[in-house]
Amino acid sequence: MAVTGWMESLRTAQKTALLQDGRRKVHYLFPDGKEMAEEYDEKTSELLVRKWRVKSALGAMGQWQLEVGEPAPLGAGNLGPELIKESNANPIFMRKDTKKSFQWRIRNLPYPKDVYSVCVDQKERCIIVKTTNKKADWLEASLDPLAVCRCAWHPLRAHSSRPGTQLMPNKCLLPTYSCLRLNVMTLPEAQWVSLLSRCWYYKKFSIPDLDRHQLPLDDALLSFAHANCTLIISYQKPKEVVVAESELQKELKKVKTAHGNDGDCKTQ
């Protein structure tokens, strides 16, 4: 019933379509004022982009919120008045689906696969990704030339024996099970700050498609791999979702589609 309800919402939404740059772009306007924009590969019909926009309480249009697709490159937009720019060394989270799976990629995660824990939280209906205490041994081994020393009873701390040196407050930077101590005097400041910021990782995210279809999460459908500093998390699409996506493609073929040079999109 839930799948049928979502499909009915898509069928009754006001839709415009445009074929441009090898992508079929579809815009949906729902009766409640919400907007959804999708982009499909023209040849394979794979979903490349999905984003949402809703009106504020005062009726102003909000910013587009990306659900599926590549995030905008760092620095693509204007910097705010504080001139803050996110480091391109930080983990980058994105969703990029395949025909058979929902798939997420987290770039800039250097640890090997056995360092990560990826599981389903049934109570909160989400997937949780986190690093485990195995990263401590990996971190120590990888930083051996940079003078990381083992300390059996102390958590990782910014440490220096030189008076007058400006360091981070002497507080625990890792959970107490860690048994490493870093002598930051051997590292340039930017390097050890970047290092410490990537000592652990935690991410919790939902699968909106399953929420819309009101389908349960199944641990057996979840898997993950790691390659080239990228963690790849896959969740096999339930058959109900596969059938619904196939029906949607048939529905979208009924929408009159303009081409990139045709001007405004046709509306249905």
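Residues numbered from 1 in each chain as written. Predicted model: local features only at pLDDT ≥ 70, side-chain atom pairs only at ≥ 80, totals over all residues. Heavy atoms only, no water.

Another point: the pattern of salt bridges. Counted by the stated rule, this structure contains 18 salt bridges. Arg 11 is paired through a salt bridge with Glu 8; the nearest N and O atoms lie 3.7 Å apart. Here Glu 8 and Arg 11 lie together in helix α1 (residues 2–12), a separation of three residues that amounts to about one turn. Glu 8 gets classed as partly exposed once you look at its relative accessible area, which sits at 40%. Glu 70 is paired through a salt bridge with Arg 107; the nearest N and O atoms lie 2.8 Å apart. Placement of Glu 70 in the loop between β5 (65–68) and β6 (92–95) and of Arg 107 in strand β7 (residues 101–107) is noted, with a sequence separation of 37 residues between them. One connected set of salt bridges, linked through shared partners, spans Glu 38, Arg 50, Glu 67, Arg 95, Asp 97, Asp 209 and Arg 212. (Salt bridge = Lys/Arg side-chain N within 4 Å of Asp/Glu carboxyl O. Helix = DSSP H or I, 4+ residues; strand = E, 2+ residues; numbered from the N terminus. Buried < 20%, exposed > 50% of the residue type's maximum accessible area, 1.4 Å probe, protein only.)

This part takes up the sheet that holds β7. Strands sit in the order β6-β7-β15-β14 across an open sheet of four strands; the sheet is antiparallel. Taken across any chain shown, the strands that pair with only one partner, and hence form the sheet edges, are β6 and β14 (222–227). For this sheet the average axis-to-axis angle between neighbouring strands, irrespective of direction, equals 15°. Pairing of β14 with strand β15 (residues 230–236) involves six bridges; the strand directions are antiparallel. Opposite Leu 222, over in β15, you have Tyr 235 as the bridge partner. (Pairing = 2+ DSSP bridges. Axes fitted to C-alpha atoms, helices over the stretch in contact; angles between N-to-C directions.)

Sheet architecture is open: three strands sit in the order β8-β9-β13, paired in antiparallel fashion. Single-partner strands in this sheet number two, and they are β8 (116–121) and β13 (202–205). Averaged over all adjacent pairs, the angle separating strand axes in this sheet is 15°, with direction ignored.

Okay, the packing of aromatic side chains next. Centre distance and the angle of the planes are the two values used to describe a pair of aromatic rings. The final tally for this structure, using the stated rule, is eight aromatic pairs. Ring geometry for Trp 6 and Trp 52: centres 6.3 Å apart, planes at 40°, overall tilted. Pair noted here: Trp 6 is in helix α1 and Trp 52 is in strand β4 (residues 47–53), with a separation of 46 residues, a long-range link. Members of the aromatic cluster, each reached through a chain of ring pairs, are Trp 6, Tyr 28, Phe 30 and Trp 52. Its guanidinium or amino end placed over the ring of Phe 224, Lys 113 lies 5.1 Å from that ring's centre, counting from NZ or CZ. (Phe/Tyr/Trp six-rings, centres within 6.5 Å; stacked < 30°, edge-to-face > 60°. Lys NZ or Arg CZ within 6 Å of the ring centre and 35° of its normal.)

Our next topic: the nonpolar core. One finds Trp 104, Ile 127, Val 129, Leu 210, Leu 231, Ile 233 and Tyr 235 to be the most contacted residues of the largest nonpolar core, which totals 22 residues. Sorting the residues of this core by element identifies β7, β8, β9 (126–131) and β15 as the ones contributing at least two each. With near-sequence residues (within four places) excluded, Leu 210 lies in contact with Phe 102, Arg 125, Leu 215, Pro 216, Leu 217, Tyr 235, Pro 238 and Val 241. Met 7, Tyr 28, Leu 47 and Val 68 belong to the second-largest nonpolar core, a separate cluster that totals 15 residues. (Core = buried A, V, L, I, M, F, W, Y, C linked by side-chain atoms within 4.5 Å. Contact = heavy atoms within 4.5 Å.)

A word on helix α5 (residues 239–252). For α5, with 14 residues, the first-to-last C-alpha span of 20 Å sits near the 20 Å given by 1.5 Å per residue. Those residues of α5 lying buried are Val 241, Ala 244, Leu 248, Gln 249, Glu 251 and Leu 252. One side of α5 holds all its buried residues, which, seen down the axis, span an arc of 160°. Every exposed residue of α5 that faces more than 90 degrees away from the buried side is listed here: Lys 239 and Lys 250. (Expected span 1.5 Å × (residues − 1). Arc of directions from axis to C-beta.)

Summing up the model confidence of the protein chain, the mean pLDDT is 77 and the portion of residues at 70 or higher is 65%. Note that pLDDT drops below 50 for residues 144–185; the model gives that stretch 80 contacts with residues more than four away or on any other chain. (pLDDT = per-residue confidence, 0-100.)

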